[in-house]
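Chain by chain, the residues run as shown.
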Amino acid sequence: MKTRKITAFTLSELLVVLVISSIVISLTFVVLGLVQKQISKIQRTFKDQQEIQLLERVLLQDMNRHSAFYQKEKNLLNLYSTKDSILYQFKDNYVIREKDTFHLKVIEKQFLLDNKIVDKGWIDALQLEFNQSYSAKNVFIFKIKDAAHYLNH
């Protein structure tokens, strides 16, 4: 009777394949973690930029419908009109407008009246500098004045 040799992998060959496979799998998990971190940073940056744009839009709209008065000691911006008034509070890590909260860190504020920086009182423009987690942006908002304003002054 003839003996037949069975072809199979040896134990050492299987161990080599197992070691190589575990290295590839561990590298895959490391790369996946790095990709998830990067996606998280991108999402935070996008959210911050949306929040800044929303605050900019709302402030621009409010500034052009109201007269603005800044109180430095309370860090408040009051916007008055004949119909209503709107209050902005500048806190350390957020800005409050009435019942809305913008989670933005304002690192520098400048308030202007007729192109001159003022500490408090009536204003017609403001510049805010934000420093968010991965984005920094400056916003300049001003009141659009018609010709009658300049003729009357």
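## Concerning the layout of surface pockets
Then, in step 1: For the largest pocket, the calculated volume is near 170 Å³.
Then, in step 2: Breaking the lining of the largest pocket down by element, the ones donating at least two residues are β1 (67-71) and β8 (121-123).
Then, in step 3: Residue classes in the lining of the largest pocket are distributed as five nonpolar, two polar and four charged.

## Observations concerning the nonpolar core
Then, in step 1: In terms of nonpolar packing, the biggest core is built from 24 residues, with Leu 55, Leu 77, Tyr 88 and Leu 126 touching the most fellow members.
Then, in step 2: Contributions of two or more residues to this core are made by α1 (11-65), β1, β2 (76-80), β3 (85-90), β6 (106-113), β9 (125-131) and β10 (136-142).
Then, in step 3: Residue contributions to this core peak at five residues, all from α1.
Then, in step 4: Residues contacting Leu 77, with those up to four places away along its chain left out, are Leu 59, Ala 68, Phe 69, Tyr 70, Ile 86, Leu 87, Tyr 88, Phe 90, Phe 111, Ile 123 and Leu 126.

## With respect to the sheet that holds β2
Then, in step 1: The six strands are arranged β5-β4-β3-β2-β1-β8 in an open sheet whose pairing can be described as antiparallel. Either end of the sheet is taken by a strand with one partner, and the two such strands are β5 (100-102) and β8. Across the sheet, the axes of successive neighbouring strands diverge by a mean angle of 25 degrees, strand direction being ignored.
Then, in step 2: With three bridges connecting them, β3 and strand β4 (residues 95-97) associate as antiparallel partners. Residue Tyr 88 lies in a different strand from β4, and its bridge partner there is Arg 97.
Then, in step 3: Its contacts with the sheet place α1 against β1, β2, β3, β4 and β5, and it is angled at close to 140 degrees to β3.

Rules used throughout
- Note on numbering: residues in each chain are counted from 1, in written sequence order.
- Since the coordinates come from a predicted model, pLDDT governs what is reported: local features require at least 70, and pairs of side-chain atoms require 80 or more to be given and counted, while whole-chain, interface and lining totals use all residues.
- Only heavy atoms go into the side-chain values, all of them from the structure, while hydrogens and water stay out.
- Points on a 1 Å grid, built from protein atoms alone, make a cavity when a 1.4 Å probe fits but cannot get out and make a pocket when they are open with protein on both sides within 12 Å along at least 5 of 7 lines; residues with an atom within 4 Å of a point are the lining residues.
- Grid points are joined across faces, edges and corners, and a volume is the space filled by probe spheres set on the points.
- Helix and strand assignments come from DSSP, with helices taken as H or I runs of at least 4 residues and strands as E runs of at least 2, each series counted from the N terminus.
- Any residue outside Ala, Val, Leu, Ile, Met, Phe, Trp, Tyr, Cys, Pro, Asp, Glu, Lys and Arg is labelled polar, Gly included; the first ten of those are nonpolar and the last four are charged.
- To qualify as a nonpolar core, a set must consist of buried Ala, Val, Leu, Ile, Met, Phe, Trp, Tyr and Cys residues joined through side-chain atoms within 4.5 Å.
- Buried, partly exposed and exposed residues are distinguished by accessible area as a fraction of the type maximum, computed with a 1.4 Å probe on protein chains only: under 20%, between the cut-offs, and over 50%, respectively.
- Should any heavy atoms of two residues lie within 4.5 Å, those residues are considered in contact.
- If DSSP finds at least two bridges between two strands, the strands pair.
- Each axis is a line fitted through C-alpha atoms, taken for helices only over the stretch in contact, and angles between the N-to-C directions span 0 to 180 degrees.

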